[in-house]
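Reading the structure
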Amino acid sequence: MLRRRLNRLLGRDERIADRRTIYVGHRSGSTNDAIIPPKFCDNRIVSSKYTVWNFLPKNLFEQFRRIANFYFLIIFLVQVIVDTPTSPVTSGLPLFFVITVTAIKQGYEDWLRHKADNEVNKYPVTVIEDGRRIRKESEKIKVGDVVQVEEEETFPCDLILLQTSRDDDTCFVTTASLDGESNHKTHYTVPDTGRDLESLNATIECEQPQPDLYKFVGRMHIYTSNQDPAMRSLGPENLLLKGATLKNTQRISGVAVYTGMETKMALNYQGKSQKRSAVEKSINAFLLVYLCILVSKALVCTTLKYAWQGTPGQDEPWYNEKTQTVKETNFYLKMFTDFLSFMVLFNFIIPVSMYVTVEMQKFLGSFFITWDKDFFDPEIKEGALVNTSDLNEELGQVEYVFTDKTGTLTQNNMEFIECCIDGFQYKYRDASSELDGFCVTDGPVSKLQQKAGREREELFLRALCLCHTVQVKEPIECHDQGDGLMDQVDGLEADGQETSSLQEQRGFIASSPDEVALVKGAMRYGFTFLGLESKTMKILNRNNAVEMYELLHVLNFDPVRRRMSVIVRSKSGDILLFCKGADSSMFPRVRQEEVERIRMHVERNATEGYRTLCVAYKYLSAEEYNQADKGLREARLALQDRDEKLMAVYNQVETGMSLIGATAVEDRLQEEAAETMMALQGAGINVWVLTGDKMETAKSTCYACRLFQRNTELLELTVRTLEDGGRRREKRLHDLLNEYYKKAVLDAPPVKGGVTRSWSSTNQDYGFIIDGATLSMVLNSSESNSSRYKNLFLQICQNCTAVLCCRMAPLQKAQIVKMVKNSKGSPITLSIGDGANDVSMILEAHVGIGIKGKEGRQAVRNSDYAITKLKHLKKLLLVHGHLYYVRIAHLVQYFFYKNLCFILPQFLYQFFCGYSQQPLFDAAYLTMYNICFTSMPILAYSLFEQHISIEVLLDNATLYREIAKNAMLRWGPFLQWTLLSLYHGLLFFFGVRFLFSNPALQDNGQVFGNWSFGTIIFTVLIFTVTLTLALDTRHWTWINHFVIWGSLAFYVFFSFFWGGIIWPFLKHQRLYFVFANMLSSVSTWLVIILLILLSLMPEILLTVFCKPRGSNARQMKHRLPSSGTSTIFMLSQTASTHSFSWSD
Amino acid sequence: MVKEEQPESVNRPDNTAFTQQRLPAWQPMLSAGIIIPGFVLIGLAFIGIGVALFVTSRSIQMLEMDYTGYEQNSPCFKCSDESVKNCMCNLDFNIDTLFKGPVFFYYGLSNYFQNFRRYGVSKDLDQLSGDMDAFLDPTSDCAPYQYDGNNKPIVPCGAVANSMFNDTFKLYQIVKGVKKLVPLDGKGIAWWTDYNIKYRNPTVKPLKNAFNGTVKPLNWPKPAYELDPSDPANNGFINQDFLVWLRTAALPNFSKLYRRITEGDYAEGLPAGNYSLEIAYNYPVLSFDGRKKVVFSNVSWMGGKNEFLGIAYLVIGSMCVVMSIVMLIVYAKFKFPEED
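Thresholds, definitions, all that
- Residues numbered from 1 in each chain as written.
- Chains lettered and ligands numbered in written order.
- Predicted model: local features only at pLDDT ≥ 70, side-chain atom pairs only at ≥ 80, totals over all residues.
- Heavy atoms only, no water.
- Helix = DSSP H or I, 4+ residues; strand = E, 2+ residues; numbered from the N terminus.
- Rg over C-alpha atoms; globule rule 2.2 N^0.38 Å.
- Buried < 20%, exposed > 50% of the residue type's maximum accessible area, 1.4 Å probe, protein only.
- Contact = heavy atoms within 4.5 Å.
- Buried area = accessible area lost by both parts, 1.4 Å probe.
- Salt bridge = Lys/Arg side-chain N within 4 Å of Asp/Glu carboxyl O.
- Nonpolar A, V, L, I, M, F, W, Y, C, P; charged D, E, K, R; others polar.
- Phe/Tyr/Trp six-rings, centres within 6.5 Å; stacked < 30°, edge-to-face > 60°.
- Axes fitted to C-alpha atoms, helices over the stretch in contact; angles between N-to-C directions.
- Parallel < 35°, antiparallel > 145°, perpendicular 65-115°, else oblique.
- Left-handed = near helix turned anticlockwise from the far one by under 90°.
- UniProt positions renumbered as here; feature names shortened; annotations may be inferred.
- Pairing = 2+ DSSP bridges.

1. Side note on the overall build of chain B
Looking only at helices and strands, chain B has 9 helices and 10 strands in total. Taken over C-alpha atoms, the radius of gyration comes to 30 Å for chain B, far larger than the 20 Å a tight globule of 340 residues would show. Overall size of chain B, expressed as C-alpha extent along the three principal axes, is 85 × 70 × 35 Å. Here chain B holds 340 residues, and 50% of them are scored as buried. Of the contacts made within chain B by residues no fewer than 6 positions apart, 78% connect residues no fewer than 24 positions apart.

Take a look at the structure:
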């Protein structure tokens, strides 16, 4: 504190709130002042929501915050307080059931979390205090403690690495549990912390906790007795994250900087916002309608009651006098009580169990995605993953798909295809050719069959071998994989003969697959990267000699700069800078005369869909190096604006290079990418490709995926088209937008239901291309135009079959998704991607899908669903999405339907019982109707229904359009269902009422009473409601049979049972032998059969007169063109359309 | 909050019919080919049943007579004034043809709400099943018929018991100017289970002692244990008239079984002739604009006379047939495409 205050006085510590100071081992810094350690939170991880003590109140509170539960609680309380027609049990029991089921589920989940928390918090760790090693529970670690971690242990908190058992001051970790990346990452100790931790006297200043796993800035002051404090920069490479596991390293020590809930892991598990599905919005809207119906019913009854009582003799006939207390009650209070009583009587119209059923359906239903073996990928041995089951049905409603290109449309399985050195093209034939398999194929026309100089070739290959951040997989890993090889690395060095056979099996690990492809490519040509050991890179060259280079600096890749460099010192002492990067970022930085030779290759490669990188180098003089070295070190030490400062130095160093050549790496299309895209378009989904890649590459991918086709007219809105004609960009943008708008929107015939790709008609297809720079112009142009441009842009896009957005920054991707999401009609959007750069759009879209690809697991972690391959998207949407939507939509409609026709007879009965709130059905029936008699069939339906078979759904993408725009939950179908339930309700009541015009229904002349009346109606109701569902069921598995017939049998059995015994706990044995007596009457049987048949008649007729959907679909099949990728077609496309696009 | 643990299928998902949603399934497709013959069959069956019901219902003889005495000229007009006690009136009628037996004798009330909620619950089943404790402490549901003015418990308590129908009838056939009593059978008019299981008298003998310390319902002329002096087994809570009354009617216009005519000369039915019904008019209904009637009816397998059911069956049956003809025409004209 004193020091801080002192610092503040001296004005050194301006931004105290932005950083924290940590005393390593709780020892004060330079001086002897006693330190007052600042307060940080302890190392306990609390992910659980409840404790034993607060579970009940907190859980109940949370549950009753749901509007439906609260409603039933109110009804229950009304029943307890006011004299109401039904006992509190009738609504209390279902409510109790619902609450209990939910509470058990949540309690169980929380118990699991407690267990997980405890496992983490009670884990024993070793803390070094005053030179002694002390075992502690993990939760007792404080910031500043020096913690020792053994191999294979996970780090108990975020640590700054101080000491490692490895000689090269590194350690390896995997962050599999954090982001799923299972590769080994290298972390470095802070330089000069020395071997002696006990005497280390240092403080660490670092930023306040923040959730970004890959960012950390800090610095360490090391105090030694006689010198000025030394200062070392700290970056993410020094920080070991809680949750990561130590690998390949016996032991490390580190100082805790962030603990407990402030660790990056804990911070990352917070704040993932809940997505709500459109179906839920529909449910709430319907619920509101039903609430209105309920209230109006109660109001009507109350009003009529008092009107009716107004006529003399009706209010209090002599046979039914009121009690004294009732007589004395205030008139208005009586009226209000009556209103409440009616509410209670009709409250079953709001389906209490619907929420539980919907939740169960979603939870159980989502297993079918996980279980689907079509989603299983044998390569990574994983299937689909469901992170949230709330959005199952949303998969059937997608209108826009935003897809990433690399790793999503393409495999991100890079293969080195060719390179060009000094303008000469080298193409690798195949793996069987000899070691120096350099061979020249169709190079530039003028220089056919020529080679570049051998020196240049080798320089180029060395550049490929050195300029990267690839790691060689440790030999231990090889043993783990069980391929029985001996120590591979040693073998390599010792025996050159074996290398060639081992080379292909060498494991390289890199953050980007491009780099592996390049290193592997170089390996094919004879230059093998052997690994990095204590800052020395080893290369096995063509002559099987090992070359050593000292790695001085790595100028990391970043998407803005779009290049990376290394600075190395060769054995001979030369300092070289190798740089590789995208052409656009390289060409301005190399000598211009070299550019032309390469440019042609690069562009040709790009149009063929390859990813191209240019490679350049330069010699650094000692003076230049020193300057660069100083600049880099300074920038790395900066606490503020470190990135900007680094960037400036990078830019300064990476100039005046000379271009050696370029590489072409093929990123093959994902399996069935084209079919998938065609299917999506056939389903009426707009596909937008959002990529950071350059336009040519992206465009050719689009052609390959058949998003663009031969007759597609491309509307291009890129920096290049804007710069045409030499006018001002804004003006040009304005003109182009208007022109395209006219073309695509005004002149095009109106299309219904989104974009339809017409198979036969001659409608012009449009494709739209925009790049990041232009997009930001559209979005951020002067205020007056901004919304207009945005509008124009959206309308153009909506009329295009496919939209390609290239050169997008991750945030721009999210921006586009957001823009479309909020456009008119608020369409349902889906984002699919595999990399960290797609996370923002995955989070933004209604449904986020991650691909378990090669770029780590971040996308998967943030997604709602994760699949292994793009092609699975087709089944996920067309089959699972479609089925889930139909199931849940039917579930919701059916629930409202069955509750309305349940309550309507009860309402009608009020007109015949003097509005006295006499319930028509017995309390047992009222209670059980929703939980037992009618809940299981609809649950089974909503899990197993396939109104159209899976194959047909897969084959006919157009079927997806039938359910577009929430088709089954709009007001139209809702009205239909409501009318059906009105019809049923009226029929049930009046059918039985007319039967009862003579209540002598038995052949012994005895008469039936009011409970028989209700039971007959209830029987008809149960049968009709269940059989209506049976009629709608198109897919009868044994489970459906079991549940539907079982429910009916259970009803009959229950009624006999319930009526067969004098139940000691019942006050009135109302149903005693009512059911059995009812069945002894022939007339009752006849009326039940009649009413059931009459109720089902409209539906039967409808199904006959409207064509069933399945057969409809089968016909459609013939009209669709066969879909299959034709490579020839694709190539001819790319050739013909690209001629105009590379004009400079 | 830590993300919920998801079942991550590390291994290949089970390839079972269930998990792959490929359970063998019956996929019924309702098509015209099934529906048209189905409708014809159902229609014909319904018409058959309808005809049977209609004919049966027609054959049931029913005689209904209002005796409220609302009109001036009606024989019971003098009794309709509530101030007149122990009023008797005679209702004369004649039967043209033999009224086939067994004849059932119902009384009917209209605009009488036995299905009032509070009315329906206003009884104490504990009392009615012979629980002596409940005799002295009737349930509060019975209020205001729980205790009398002297705070003595009423047994049987409640509005239902208190309002029990208490008009009595005697039927005479007038043979050559002489009144011949038609024997009325009061057994078997209530549900067997009500009489034998649901309602029980206290086991105290004689029954009268069980009622010590209680009072009879205010409107009752006689206590429960003296309801039927002729038959000791028909007293207390298992008096059949009482049981019939306890089975509350579903609708405000109802009839209840009063007696059966099964004995003596009348076992075969009521022969043609003149009859006189002697009514002990006790039950006031005009105060709430109600009506009283007596009904003589015989029953068939379908119960009492009910034209509704027969007509409904006939209508629905013909509808089905018509519908199938319409469908057939449509089918012939347009050839449903899915019919392969």
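2. Let's talk about unusual backbone geometry
Keep in mind that most residues, glycine aside, have a negative phi and that most peptide bonds are trans. The peptide bond linking V155 of chain B to P156 of chain B adopts the cis configuration, its omega dihedral lying at -10°. Of the consecutive residues K205 of chain B and P206 of chain B, the connecting peptide bond is found in the cis state with omega at -10°. Residue placement: P206 of chain B occurs in the loop between α6 (192-198) and α7 (207-210). Phi is positive for Q917 of chain A, which is not a glycine, with a value near 60°. Relative to the assigned elements, Q917 of chain A resides in the loop between α31 (872-909) and α32 (923-933). Look at Q917 of chain A and you get buried, because its relative accessible area is 1%.

3. Here we look at the interface of chain B and chain A
With 95 residues of chain B at the contact, the number on the chain A side is 109 residues. At the boundary of chain B with chain A, total buried surface from both sides reaches about 9,200 Å², with 62% on carbon and sulfur atoms. Taken together, chain B and chain A are joined by 2 salt bridges. Between K1067 of chain A and D141 of chain B there is a salt bridge; the shortest N-O distance is 3.0 Å. At the level of elements, α1 (32-59), β4 (103-110), α2 (117-121), α6, β7 (254-261) and α9 (307-334) of chain B are the ones that each hand at least two residues to the side of chain B that touches chain A. In terms of residues, the side of chain B that touches chain A owes the most to one element, α9 of chain B, which gives 10 residues. For the side of chain B that touches chain A, a count of residues per class yields 59 nonpolar, 21 polar and 15 charged.

4. Description of the packing of aromatic side chains
Residue and element names in this part refer to chain A. This model, assessed by the stated rule, comprises 105 aromatic pairs over all chains. Pairing W308 with Y915 gives two aromatic rings, centres 6.2 Å apart and planes at 70°, and the pair type is edge-to-face. Here W308, found in helix α7 (residues 278-310), pairs with Y915, found in the loop between α31 and α32; they are 607 residues apart in sequence, far enough to count as distant. The pair W308 / Y915 is uniform in exposure class, with both members buried. Aromatic pair Y929 and F1018: ring centres 5.8 Å apart, planes at 65°, arrangement edge-to-face.

5. Examining the packing of α7 of chain A against helix α10 (residues 354-365) of chain A
All names here are of chain A. It is the contact of α7 with α10, at a shortest axis distance of 13 Å, that shows an interaxial angle of 165°. One element, α7, and the other, α10, form an angle in the roughly antiparallel class. Viewed along their axes, α7 and α10 form a crossing whose handedness is right-handed. On α10, the residues touching E280, I283, N284 and L287 of α7 are M354, Y355, V358 and K362. Split by residue class, the contact of α7 with α10 holds 5 nonpolar, 1 polar and 2 charged.

6. Some details on the UniProt feature "domain: P-type ATPase C-terminal" (unreviewed entry) in chain A
Under the present numbering, the feature "domain: P-type ATPase C-terminal" (unreviewed entry) in UniProt falls on residues 860-1106 of chain A. With 68% helix and 1% strand, the stretch residues 860-1106 of chain A has end C-alpha atoms that lie 43 Å from each other.

7. Looking at the sheet that holds strand β10 (residues 230-234) of chain A
All names here are of chain A. The strand order across the open sheet built from 4 strands is β1-β8-β9-β10, with neighbouring strands paired in antiparallel fashion. Because the sheet does not close on itself, it has two edges, and the strands there are β1 (19-23) and β10. Within this sheet the neighbouring strands show an average axis-to-axis angle of 20°, counted without direction.

8. Remarks on the pairing of strand β29 (residues 765-771) of chain A
Residues and elements named next belong to chain A. Counting buried positions along β29 gives 7 out of 7 residues, so the element sits mostly inside the fold. Going residue by residue along β29, you find D765, G767, I769 and D771 tucked away on one face and Y766, F768 and I770 tucked away on the opposite face as well. When strand β28 (residues 712-717) meets β29, the two strands line up parallel, connected through 6 bridges. Bridge pairing links L714 to G767 in β29. Two elements, β29 and strand β30 (residues 802-806), share 5 bridges in a ladder whose sense is parallel. Paired with G767 across the bridge in β30 is A802.

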